[in-house]
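Each chain, letter by letter, is given below.
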Amino acid sequence: MQTYLVDQALLPHGWAENVLIEVEPEGNIAGVGAADLADAHHAERIHGVVVPGMVDLHSHAFQRGLAGLTQRLPEGEASFWGWREQMYAFAGRLQPEDEAAIAAQLYVELLKGGYTTVCEFHYLHHQPDGRPYADAAAMSLALHEAAMEAGIALTLLPALYMQAGVDGAPLGAGQRRFALDPEGWARLATTLTTVFRDDPQRRLGLALHSVRAVPAAAIAEAVALARAEDAGVPIHIHLAEQPREVRDCLERLNRRPLAVLREANEIDAGWCLVHGTHLDAAELAQVAARQAVIGLCPTTEADLGDGVFPLSEHRAGQGQLGIGSDSNIATEAAAELRLLEHGQRLAGLRRTVAACAEQPHCGTALWALAAIGGARAAGRPAGRLAPGFRADLVVLDPEHPSLAGRRGAWALDSWLFAPGQPVRDVMVGGQWRVRDGRHPSEASIARAYRATLARLLA
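Residue numbering note: each chain is counted from 1, following its sequence as written. Selection of residues for local features in this predicted model requires a pLDDT of at least 70, selection of side-chain atom pairs for listing and counting requires 80 or more, and totals for whole chains, interfaces and linings are taken over all residues. Values reported for side chains reflect all heavy atoms of the structure, with hydrogen atoms and water molecules removed beforehand.

Caption draft 1: View of the overall build of the protein chain. When helices and strands are counted, the protein chain shows 14 helices and 16 strands. A globule of 458 residues ought to have a C-alpha radius of gyration of about 23 Å, and the protein chain, at 21 Å, matches this closely. When each of the 458 residues of the protein chain is scored for burial, the buried share is 58%. Of the contacts formed within the protein chain by residues at least 6 apart in sequence, a portion of 73% connects residues at least 24 apart. Here the open area of atoms and residues is found with the Shrake-Rupley method and a 1.4 Å probe, where only the protein chains shown may cover a residue. Of the roughly 17,600 Å² of accessible surface on the protein chain, a fraction of 52% belongs to carbon and sulfur atoms. When charges are counted, Lys and Arg contribute as positive and Asp and Glu as negative, whereas His and the chain ends are disregarded. Just so you know, the charge point we use is NZ for Lys, CZ for Arg, CG for Asp and CD for Glu. Taking the average place of the 40 positive charges on the side chains of the protein chain and the average place of its 54 negative ones, the gap between the two points comes to 3 Å. Per the convention used, a helix needs a DSSP run of H or I reaching at least four residues, while a strand needs a run of E reaching at least two, with both numbered from the N terminus. Restricting the calculation to C-alpha atoms gives the radius of gyration, and the globule rule supplies 2.2 Å times the number of residues raised to the power 0.38. To sort residues, take the accessible area from a 1.4 Å probe on protein chains only and compare it with the maximum for the residue type: under 20% means buried, over 50% means exposed, and anything in between is partly exposed. Note on contacts: a residue pair is in contact if any heavy atoms of the two residues lie within 4.5 Å.

Caption draft 2: Spotlight on the environment of Ala302. When you line up the elements, Ala302 lands in helix H9 (residues 298-303). Residue Ala302 is classed as partly exposed on the basis of its relative accessible area, which comes to 48%. With 41 residues separating them in the primary sequence, Ala302 and Gly343 have C-alpha atoms 8.9 Å apart.

Caption draft 3: Just helix H7 (residues 257-264), in detail. For H7, every residue scored as buried is listed here: Pro257, Leu258, Val260, Leu261 and Ala264. One side of H7 holds all its buried residues, which, seen down the axis, span an arc of 160°. Note: the arc covers the axis-to-C-beta directions of the helix.

Caption draft 4: Focus on the sheet that holds strand E1 (residues 2-11). Reading across from one edge, E3-E2-E1-E4-E14-E15-E16 is the order of the seven strands in this open sheet, with mixed pairing throughout. Taken across any chain shown, the strands that pair with only one partner, and hence form the sheet edges, are strand E3 (29-34) and strand E16 (431-434). Strand after strand, the sheet turns through a mean of 40° between neighbouring axes, direction not considered. For two strands to pair, DSSP has to find at least two bridges joining them. When strand E14 (residues 393-396) meets strand E15 (residues 423-428), the two strands line up antiparallel, connected through four bridges. Angular values range over 0 to 180 degrees, each being the angle between N-to-C directions of two axes fitted as lines to C-alpha atoms, with helices fitted over their stretch in contact.

Caption draft 5: Expanded view of the packing of aromatic side chains. Two aromatic rings from Phe, Tyr or Trp, using only the six-membered ring of Trp, form a pair when their centres are within 6.5 Å; if the ring planes differ by under 30 degrees the pair is stacked, by over 60 it is edge-to-face, and anything between is tilted. If you walk through the whole model with that rule in mind, you get nine aromatic pairs. Ring centres of Tyr4 and Trp432 lie 6.0 Å apart, and the angle between their planes is 90°; this geometry places the pair in the edge-to-face category. One end of the pair, Tyr4, is in strand E1; the other, Trp432, is in strand E16, and 428 residues separate them in sequence. Taking the relative accessible area as the measure of exposure, Tyr4 reaches 4% and is therefore buried. Ring-over charges, as used throughout, are those where CZ of Arg or NZ of Lys falls within 6 Å of the ring centre and within 35 degrees of the ring normal. Stacked on the ring of Trp81, the Lys or Arg Arg244 has its end atom at 4.0 Å from the ring centre. The positively charged end of Arg345 is found above the aromatic ring belonging to Phe417, 5.4 Å away from the centroid.

Caption draft 6: The packing of helix H2 (residues 96-112) against helix H3 (residues 138-150), seen in detail. Closest axis-to-axis distance for the H2/H3 pair is 8 Å, and the angle between their directions is 35°. As H2 runs across H3, the sense of the crossing is right-handed. Taken together, the residues of H3 that come into contact with H2 (itself represented by Pro96, Glu99, Ala100, Ala103, Ala104, Tyr107, Val108 and Leu111) are Ala138, Met139, Ala142, Leu143, Ala146, Ala147, Glu149 and Ala150. Residue classes in the contact of H2 with H3 are distributed as 14 nonpolar, no polar and two charged. Crossing handedness is defined as follows: a turn of the near helix away from the far one that is anticlockwise and smaller than a right angle gives a left-handed crossing, while the clockwise case is right-handed. Side-chain classes are defined by residue name, with Ala, Val, Leu, Ile, Met, Phe, Trp, Tyr, Cys and Pro counting as nonpolar, Asp, Glu, Lys and Arg as charged, and the others, Gly among them, as polar.

Caption draft 7: Structural detail: the side chain of His126. Within the element layout of this structure, His126 appears in the loop between strand E6 (115-122) and H3. Classification of His126 as buried rests on a relative accessible area of 14%. From its side chain, His126 meets the backbone oxygen of Ala179 in a polar contact 2.6 Å long. Polar contacts, as counted here, are pairs of nitrogen or oxygen atoms within 3.5 Å of one another; within protein the pair requires one atom able to donate a hydrogen and one able to accept it, and residues that are adjacent in sequence qualify only if both atoms are side-chain atoms.

Caption draft 8: Geometry of the side chain of Thr299. For Thr299, the location among the structural elements is in helix H9. Taking the relative accessible area as the measure of exposure, Thr299 reaches 11% and is therefore buried. A polar contact is formed between the side chain of Thr299 and the side chain of Glu336, at a distance of 2.5 Å. Discounting residues that sit within four places of it in the chain, Thr299 has contacts with Ile329, Ala330, Ala335, Glu336 and Leu339.

Caption draft 9: Structural detail: the pairing of E15. Of all six residues making up E15, six are buried, and the element is well covered by its neighbours. Looking at chain direction, E15 and E16 are connected through three bridges and run antiparallel. Looking at the pairing, Val428 lines up with Gln431 of E16. Counted between consecutive antiparallel strands, the loop separating E15 from E16 contains two residues, among which Gly429 sits at a positive phi close to 55°.

Caption draft 10: Up close: the nonpolar core. Counting residues in hydrophobic clusters, the biggest one holds 125 residues, and the most contacted among them are Tyr107, Leu208, Trp271, Leu273, Trp367 and Trp415. Apart from residues lying up to four places away in sequence, Tyr107 is in contact with Ala61, Val118, Glu120, Leu143, Ala146, Ala147, Ala150, Ile152 and Leu154. Only buried residues count toward a nonpolar core, which is a set of Ala, Val, Leu, Ile, Met, Phe, Trp, Tyr and Cys residues joined through side-chain atoms within 4.5 Å. With 17 residues, the next largest nonpolar core counts Ala16, Ile21, Leu385 and Val395 among its residues.

Caption draft 11: Examining the state of the cysteines more closely. Two cysteine sulfurs form what is called a disulfide whenever their separation falls within 2.5 Å. With the rule as written, the count across this model stands at zero disulfides. You can see Cys249 has no disulfide; the closest cysteine sulfur is in Cys272, sitting 18 Å from it. By relative accessible area, Cys249 is classed as buried at 0%. The thiol of Cys356 is not disulfide-bonded; the next cysteine sulfur, from Cys362, is found 9.5 Å away.

Caption draft 12: Fine view of helix H12 (residues 362-378). Between the first and last C-alpha of H12 there are 24 Å, a value that for 17 residues agrees with the 24 Å anticipated at 1.5 Å per step. One or two steps after H12, the chain reaches Gly379, where phi turns positive at roughly 70°. Multiplying 1.5 Å by the residue count of a helix minus one yields the expected span of that helix.

The following block contains the structure:
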């Protein structure tokens, strides 16, 4: 048992000082309580502000290699759909070793940005021409190996992708390597379950790309297959991200995307609906009532011109949410939460939207909400500094200029809304992965990443 004495910590009931955190060898928190300083000499002292690690509930790791390369005015449509064609072209060049190198670089950056778990919404299954690899799990295992190298916890979500649109059109050339049906997911899950067995840092889930790409019957079949093996399996789906998606569903199916999904399979607390940007008020009420998590990715949603999610309406209904890095143009948890809050301020013409009477500090309100929702979406006991939860800790440096004179809630507000990056140390499952702002493998991982990108972009 390892014991830590923490200067300041965000606990489920609020901020506390001089906190003892006991961590079991298996990586779970055994106890949290007020310290008797006279008897705490055996504990390792953590000078700083400690918050529970954040879950990145939606990542496409390979897109880290594309970051910065889609900002030129295209010849075609300057929208999500035009960006998608650029993404397809980049994805079409990748092999498993490229996926591993890019993902490892991303995962180090995510750790240094305050994330301790990543949910990979993974759809690069086959060779670029659509033929399976000799090892059908090669691309999935590349992500697993990258997570092992970086030391981040991973929830891997192999995604079903079966058609090009709600009209049932066949997959296009750029989508062939994404193809996966329920039976294919089950075969892949069998392999990954064996690899992940007895590893508390790994979790297998199910992704359904969207109601555009997965027909209703396949949604129901895949959910039944997944839950027959694991009743608590996390299930993720892109939903109502773009107005065109809503329009296509109305024109072709006479129903909005959420109705299409709920007719195929009812949602519940095991579901994560990614984006949900264009859900209406009645739909938000349905999602909140079913306790599904909304997965918000503010930097990607802003980059793609998706729109602004109606946060106030969702929170008014006690809705659950988390954050994700998605296309990975930003890798700091603070950046996602900052943009989430600032977008709401711009749209609603008011400040401190996420705060409330019970929690008047925006930083604390946002961090606690997203950490808990993200942990649920990841299917992991994370997001809280409490017994039985994973020992995932993010330590902010009190000597950083951004935190000068700040303590507790004021320090977290300053991380999210002031300049600078004060993350000093990061622990995942009881193991330190970042110390004094550095990851032990970051130099070698960065060399491999640079070599990979130089070859891919040559």
